[in-house]
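Letter by letter, the chains look like this.
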Amino acid sequence: MCGIIGYTGPLEAPKILLEGLSALEYRGYDSAGIALCMEDSKICLAKKTGKVKNLEEYCKKMISGSAHSGIGHTRWATHGGVTDVNAHPHRAGKVVLIHNGIIENYHALTDRFHLQDRLISQTDSEVAAQTLNELYTGDPLEAIRSLIGLLEGSYSFCIMFEDQPGVIYAIRNISPLVAASTPSGSMLASDLTALIPYTRQYFVVPEQHIVKLTPYKVHVYNLDDTFSKDYPEIMTVNWNMDAAMKNGFPHFMLKEIHEQPEAMRNTILPRVSKGLPCFSDDGIPDHIFENCDQVQIIACGTAMYAGMVARAIMQPVLRIPITVSIASEFRYEEPLIDEKSLVIIISQSGETIDTLAALRLAQKCGSTTLAVVNVKGSTIARESDYVLYTHAGPEIAVASTKAYSVQLAALYMVSCRMALVRKKYTKEQAANFLGELLDVIPAMENVIAQKEHIRDVASHIIQSPDVFFIGRGLDYAFSLEGALKLKEISYIHSEAYAAGELKHGTIALISDQVPVIAIATQQHVYSKTISNIREVKARGAYIILLVKENAVVDENLADLQIRIPDVADHFTVFPIAAALQLIAYYTSLGKHLDVDQPRNLAKSVTVE
Ligand code: G6P
C-alpha cells in the first residue's frame, strides 16, 4: 500500500521520480506527490489527487528549474480523505516526509507535542513529520532514532531535511523498502519495479534500520549510533524490464493471463527430478512433510482461495487435518497449532501485513513454516523457515491471475511430494500426478485461445447488478476465486455458493435473467450439480456453464457454455481459472473500467 521512491544523483530527479511512481502506482492510486531539492537548496512540493498522470501534468505547469534529488509517493488513503492536502509529501519546518504504513499513536503524539494547531492535513503521516521536526536539532540520524523510539505502528519513511541538500534518509519498520547504489545515483523504493530501469542489483532495507542516500553511496545504520555491521546482501533481479511492461497488450491483466503457461513451466519444471517433484534445490527437506500431524494454510485474498483448492487436493490423499485460515482472522484466534504442525503461508508479494503477522504467530507456536511466495527477498520469504518461490515474474495488475496459477502449481507439487514421503503415493502414482499437472499447461493455452468466445460470454453479464457462481467440491473452491475476480474489476456484486447450499436461502435471490455461472467439472458430484443448475434455471436464471469438452449436456440446460479440455478432475482448476479470469477481464473492459487499477484496491496490502 502506497508507493515510495527516493533518488539522489547526477540525473534529473523529476523524470526518475515520476516514472518510478508510474511503475509503483499499482500499490495505491488515490493521489501522488513529489518533493524536489531545487538548485537553491529549497525543497519544492507538488501533489495532486488522482493518478500519477495528473501529477505529471501539474508538475509541467508548476516546476521550473532543475533538481537532482527528491522523493515521491503514491497514496492509498488510510487516515484522511483523498485530497491534495492529505497527499504526501508532508512538510513540517525543515522536514519533508513521505510515509507508507499506519502510525497508531498519532493522537498521543499530537497531544504530547501540542501539534493540533500546526496540522493542516488529517493524516497520521503529517503528525510523524511534525514530531520529527520537533526532534530535529541538526543531526538527522539522531532525530530519526528519537522519532522511532516514539512511534507505534508499521511504517517506512523517506525523508529530506532542507538543510541537508542532496541527502535522503529512509527508515523501515515492517513496510517494505529496497535500495540500490547505481552509476546513475542512489535510489530506493517500496518495490523493485521502480528501480529496474537503472539497476539489476539491489538490497532489501533491513527492518529497524536507517538508510542514508548520498549521490554515490547508500549508507546503512542500525538504531544504535553505529553503522550496520553487516551491509545487507546484494541481490540480483531475475527478470528483465520487459516483464514489467505491457508489451503490446492493452492491459497488464490480459498480458499476465497470457503469461500463465510460461509461468507454470517456470515454476514446475526446475522441481522435477526423475519424473518426481523434488525440492532439494529449494533447500526444503522431506522431514518437514513427514513429521507433521496437520497442515495449516494461511493467506489473504486470491492466495487464500488457492489455499482452499490445495486443501481439497491434499486432505483426501494425506488423511491428516488440513485447515485454511484467512490471515487477518487467524492472527486474532488462539490457533490449534504446535511443533507438529506444518504451516504453509501463501503470498504473491510476500509483504501482506496480516499474512506476515500470522507467520510470526505460527513461529511463536513452534510450528514449521513453509512460504509459497513470488517476490524474491520479500519479508515473508526471509522470515519463513523454508521458501518455495513461484516464478511468475512481476505481477502488476491489481487483480491476481498468474500468481494464483503458480501458487496452485507449487501447492500441487507440495501435495504430491508429501503423499510420496508419507507413502500415500507410490513413485508411479506421484509421477502420474505430476504428468497430469503438466497436461494443464496446454489446457490453459486452449482456454486462452477461446478469448473471443469468452468475450462474448462476458457481454451477457455486463448489465447485471448481480452474478452468482455455483459449484460443488473443487468446483466450489474455484468459484470463490471467480467471484472475487469479477467483483474486483467489474464492480458487479458477485458471490460464490456451494451449489447444494443454494436452496437454503440464496435461491431467493434468483429471478428472471440473473446470471449464474455454474462450474461442473467434478465427475463424482456432476449429476448433483446439474440438478442444482436445473433448480436455478427453473427460476429464470441465465446459465453460463463451464464444463469439460466431452461432457454430455442437455441442450436446454445452459444459455451459454465454455468448454475446457478434458484434463483429470483434480486439475480442472487451471483451465477454469483462465476462463474465469477472462470473463472478469472482458466484463470490466466492456464496462470501460480501469482493469488494472480498480477503485479502492491496491496490489500490496501492507496495512492491517
Ligand atoms: C490484495 C490483492 C489481491 C491479493 C491479496 C493478497 O488484496 O489485491 O490480489 O490476493 O492482496 O496478497 P499477497 O501478495 O499476500 O498474495
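Scroll up for the structure.
Per chain, residue numbering runs from 1 following the sequence as it is written. Two thresholds apply to this predicted model, a pLDDT of at least 70 for residue-level local features and 80 or more for giving and counting side-chain atom pairs, whereas whole-chain, interface and lining totals are computed over all residues. As a rule here, side-chain values come from all non-hydrogen atoms in the structure, and water together with hydrogens is ignored.

Enquirer: Sorry, what's going on with the layout of surface pockets here?
Expert: By rolling a water-sized probe across the atoms, one finds the places where empty space is left. A volume near 800 Å³ is recorded for the largest pocket. As for the largest pocket, its lining consists of 33 residues, and the residues nearest its centre are Cys300, Gly301, Thr302, Glu488 and Val605. Elements that contribute at least two residues to the lining of the largest pocket include exactly α9 (301–318), β19 (341–347), α11 (353–364) and α16 (474–490). Segments assigned H or I by DSSP are reported as helices when at least four residues long, segments assigned E as strands when at least two residues long, and all are numbered from the N terminus. By residue number, the principal contributor to the lining of the largest pocket is α9, which donates 5 residues. Residue polarity is assigned by list, with Asp, Glu, Lys and Arg as charged and Ala, Val, Leu, Ile, Met, Phe, Trp, Tyr, Cys and Pro as nonpolar; anything else, Gly included, falls into the polar class. Classifying every residue of the lining of the largest pocket by side-chain character gives 15 nonpolar, 13 polar and 5 charged. The split of the chain into domains comes from an automatic or database domain assignment. Two domains each put at least three residues into the lining of the largest pocket: domain 2 (247–447) and domain 3 (451–590). Here the term cavity refers to a set of points on a 1 Å grid, laid over the protein atoms alone, in which a 1.4 Å probe fits but cannot get out; the term pocket refers to an open set having protein on both sides within 12 Å along at least five of seven lines, with lining residues being those that place an atom within 4 Å of a point. Grid points are joined across faces, edges and corners, and a volume is the space filled by probe spheres set on the points.

Enquirer: So what exactly am I meant to see when it comes to helix α5 (residues 140–150) here?
Expert: Along an α-helix, a turn takes 3.6 residues, which lines up residues three or four apart on a common side. When you tally the buried positions in α5, you get 8 out of 11 residues, the bulk of the element. Under the scheme applied here, a residue whose accessible area is under 20% of the maximum for its type counts as buried, over 50% as exposed, and between as partly exposed, the area being computed with a 1.4 Å probe on protein chains only. What α5 keeps buried is the set Pro140, Leu141, Ala143, Ile144, Arg145, Leu147, Ile148 and Leu150. The contact criterion used throughout is that any non-hydrogen atoms of two residues lie within 4.5 Å. The elements touched by buried residues of α5 are α3 (106–112), α4 (124–135), β7 (153–161), β8 (168–173), β12 (209–214) and β13 (217–221).

Enquirer: Before we go on, may I ask you to explain helix α1 (residues 13–24) in this structure?
Expert: For a helix, the expected span equals 1.5 Å multiplied by the residue count minus one. With 12 residues, α1 extends 16 Å from end C-alpha to end C-alpha; this agrees with the ideal 16 Å at 1.5 Å per step. Along α1, the positions that sit buried rather than exposed are Ala13, Pro14, Ile16, Leu17, Leu18, Gly20, Leu21 and Leu24. Lining the buried residues of α1 we find β1 (3–8), β2 (31–38), α2 (52–62), β4 (67–75) and β10 (185–189).

Enquirer: How should the packing of aromatic side chains be read in this particular structure?
Expert: Pairs of aromatic rings are described using the distance from one ring centre to the other and the angle between the two planes. Centres within 6.5 Å are what make two rings of Phe, Tyr or Trp a pair, Trp counting through its six-membered ring; a difference in plane orientation under 30 degrees is then read as stacked, over 60 as edge-to-face, and the rest as tilted. For the structure on display, the rule yields 11 aromatic pairs. A centroid spacing of 5.2 Å and a plane angle of 65° characterise the contact between Tyr412 and Phe574, whose relative ring orientation is edge-to-face. Note that Tyr412 is positioned in helix α13 (residues 402–421) and Phe574 in helix α18 (residues 573–590), a separation of 162 residues in sequence. For the pair Tyr412 and Phe574, one class covers both residues: buried.

Enquirer: I'm lost on the nonpolar core in this one. Help?
Expert: Most often, soluble globular proteins keep nonpolar side chains buried together rather than apart. Nonpolar core, defined: a set of buried Ala, Val, Leu, Ile, Met, Phe, Trp, Tyr and Cys residues in which side-chain atoms within 4.5 Å join the residues together. In terms of nonpolar packing, the biggest core is built from 136 residues, with Phe289, Val309, Ile344 and Tyr412 touching the most fellow members. The element that contributes the greatest number of residues to this core is α13, accounting for 13 residues. Apart from the residues lying within four places of it in its own chain, the contact partners of Val309 are Tyr404, Leu408, Tyr412, Leu474, Ala477, Phe478 and Val573. Of all hydrophobic cores here, the second largest spans 29 residues; its members include Val95, Tyr106, Val127 and Leu141.

Enquirer: Sorry if this is basic, but what is going on with the sheet that holds β1 here?
Expert: Pairing between strands is defined by DSSP: at least two bridges between the two strands are required. Strand order in this open sheet of 8 strands is β3-β2-β4-β1-β10-β9-β11-β14, and the pairing throughout is antiparallel. Of all the strands in the sheet, just β3 (43–49) and β14 (235–236) have a single pairing partner and so form its edges. Angles run from 0 to 180 degrees between N-to-C directions of axes, and those axes are lines fitted to C-alpha atoms, restricted for helices to the stretch in contact. Across the sheet, α2 is in contact with β2, β3 and β4; its angle to β3 comes to roughly 135°.

Enquirer: Which parts of the structure should I look at to understand the site of the ligand?
Expert: Definition of nearness: a residue and a molecule or strand are near each other if at least one heavy atom of the residue lies within 4 Å of the molecule or strand. Around the ligand, 13 residues are found, and the nearest of them are Thr302, Ser347, Gln348, Ser349 and Thr352. As used in this structure description, the phrase polar contact means that two N or O atoms lie within 3.5 Å; if the pair is within protein, one of them must be able to donate a hydrogen and the other to accept it, and residues adjacent in sequence are counted only when both atoms belong to side chains. With respect to the ligand, the side chain of Ser349 contributes an N or O atom lying 2.6 Å from an oxygen atom. The method behind every accessible area is Shrake-Rupley, applied with a 1.4 Å probe, and residues are considered shielded solely by the protein chains displayed. With the chains in place, 90% of the 390 Å² that the ligand exposes on its own is no longer accessible. In this structure, the ligand is accommodated by the largest pocket. Counting residues per element, the shell around the ligand draws most heavily on α9, at 3 residues. By definition, a pocket or cavity contains a molecule when more than half of the molecule's atoms lie within 2 Å of the pocket's grid points.

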